[in-house]
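Each chain, written out:
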Amino acid sequence: MPTIKDVAKHANVSVATVSRVLSKTGTVSEKNTQNVLEAINALNYKPNALGRYLRTAHTQTILVVVPDITNPFFSNVMKGIQTMANEQGYDVLVMDAEHAHFDSRKCFDMLEQKQVDGLIMLTSRVDRNVLLDLGKEHAIVLACEYLEGTTLPTVSIDNISAARKMTEYLLGLNYTNIAHITGPMETVLGVDRLRGFKQALQAKSVDVKSSNIQEGDFSIESGYNIMGKLLSLEDRPEAVFAANDEMAMGAVNAAKAYGLNVPGDIAVTGFDDIKMASMFTPQLTTISQPTFEIGRKSMDLLFHLLNKEVLVQSQFVLEDTLVIRESCGHLKEQPLQ
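### Some remarks on the pairing of strand β8 (residues 239–242)
Okay, step 1: Where burial is concerned, the two faces of β8 agree: the one with A239 and F241 and the one with V240 and A242 are both buried.
Okay, step 2: Summarising the sheet, strand β6 (residues 178–182) and β8 pair through four bridges and their orientation is parallel. Across the sheet, I181 pairs through a bridge with A242, a residue of β8.
Okay, step 3: Sheet topology note: the β8/strand β9 (residues 267–269) ladder contains three bridges and is parallel. Paired with F241 across the two strands is T269, which belongs to β9.

This is the structure in structure tokens:
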């Protein structure tokens, strides 16, 4: 294995110069920098991670905690994080919060024991006080989910506004008996999307029926099962707004199992605009989140924290988009009075 001394000899510079190029610190001429980089490539030199840590007390690694690694929504968020991290020479570790052996204390310990330099949480379903205390001493960013009333750096969309927008669209199609399959009520996403749904109905003086609000868990299976309950109601809903695309797909499959046509007999909409939403039959009307940008921005914020920079702005609310496709149909004719 080539050493840093081999690189220095090949580039005809000092070991200190190679070290400065690798750590991106100090001043090195453009010519010497180019010579060092060419030597690294020619020798296929790999910096010793342990040695680097002993010199700098930095691992060049960050940890990302994902609420459910099987949920396709998070793949593009991770791509944004990974792209930005790799550009700055950082590696990314991923921890799945849905794993049977997940313990939030483990990820916090990794941060405190300096096994990673920083932490991006894509879930807020951890001990709030512990997370906030750690955020005072360590580089932590929340993305996708958020904690109200804190200054912890956060990147998300306005879930209340987005859910309200979707519900208003269904009302605009003359649907009035609208059901909502919520996310888990212990999550801020489940609570906020339900809040937006209710706000839209109340603004149009449409009754909010408790039987039309059913709690799911963001899985296809829960969407399927809850749609079965909704279709069994005496006053069956005309439209169903699911709090994510996977539950919407489960709801569509349940409607088909009942011999119903979507959107001919019942409309279904989702939230998130995962890749399958446009490939599903019928294509899902949904709320598109800027997932890659959420990941990129969260990593950018983390870099500022790692570099001990003062954040001019720590809370970022990105724009979502209503994507209209086939699953909710067209303007519904109102019954004759």
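On we go.
### Comments concerning the sheet that holds strand β5 (residues 154–157)
Okay, step 1: An order of β2-β1-β3-β4-β5-β11 is seen for the six strands of this open sheet, with the pairing classed as parallel. Strand pairing shows two members of the sheet lacking a second neighbour, β2 (91–96) and β11 (315–318), which therefore form its edges. Averaged over all pairs of adjacent strands, the angle between their axes in this sheet comes to 15 degrees, without regard to strand direction.
Okay, step 2: In the sheet, strand β1 (residues 61–66) pairs with β2 via six bridges, with the strands oriented parallel. In the sheet register, V66 faces β2, and the bridge partner there is D96.

### Let's talk about the side chain of E145
Okay, step 1: If you trace the backbone, E145 turns up in the loop between β4 (139–143) and β5.
Okay, step 2: Within the local environment of E145, its side chain forms a polar contact with the backbone nitrogen of S124, the two atoms lying 3.0 Å apart.
Okay, step 3: Once residues within four sequence positions are removed from consideration, E145 is found in contact with L122, T123, S124, R125, T154, V188 and L189.

### Here we look at the sheet that holds strand β7 (residues 213–215)
Within a sheet, adjacent strands bond to each other through the backbone by hydrogen bonds, running parallel or antiparallel.
Okay, step 1: Read from one edge of the open sheet, four strands run β7-β6-β8-β9, paired in parallel fashion. Only two strands of the sheet have a single neighbouring strand rather than two, namely β7 and β9. On average, adjacent strands in this sheet sit at an angle of 15 degrees to one another, irrespective of strand direction.
Okay, step 2: The strands touched by helix α8 (residues 159–172) within the sheet are β6, β8 and β9, with β8 carrying the most contacts at an inclination of about 170 degrees.

What counts and how
- Residues numbered from 1 in each chain as written.
- Predicted model: local features only at pLDDT ≥ 70, side-chain atom pairs only at ≥ 80, totals over all residues.
- Heavy atoms only, no water.
- Buried < 20%, exposed > 50% of the residue type's maximum accessible area, 1.4 Å probe, protein only.
- Helix = DSSP H or I, 4+ residues; strand = E, 2+ residues; numbered from the N terminus.
- Pairing = 2+ DSSP bridges.
- Axes fitted to C-alpha atoms, helices over the stretch in contact; angles between N-to-C directions.
- Polar contact = N/O pair within 3.5 Å; in protein donor to acceptor, adjacent residues only side chain to side chain.
- Contact = heavy atoms within 4.5 Å.

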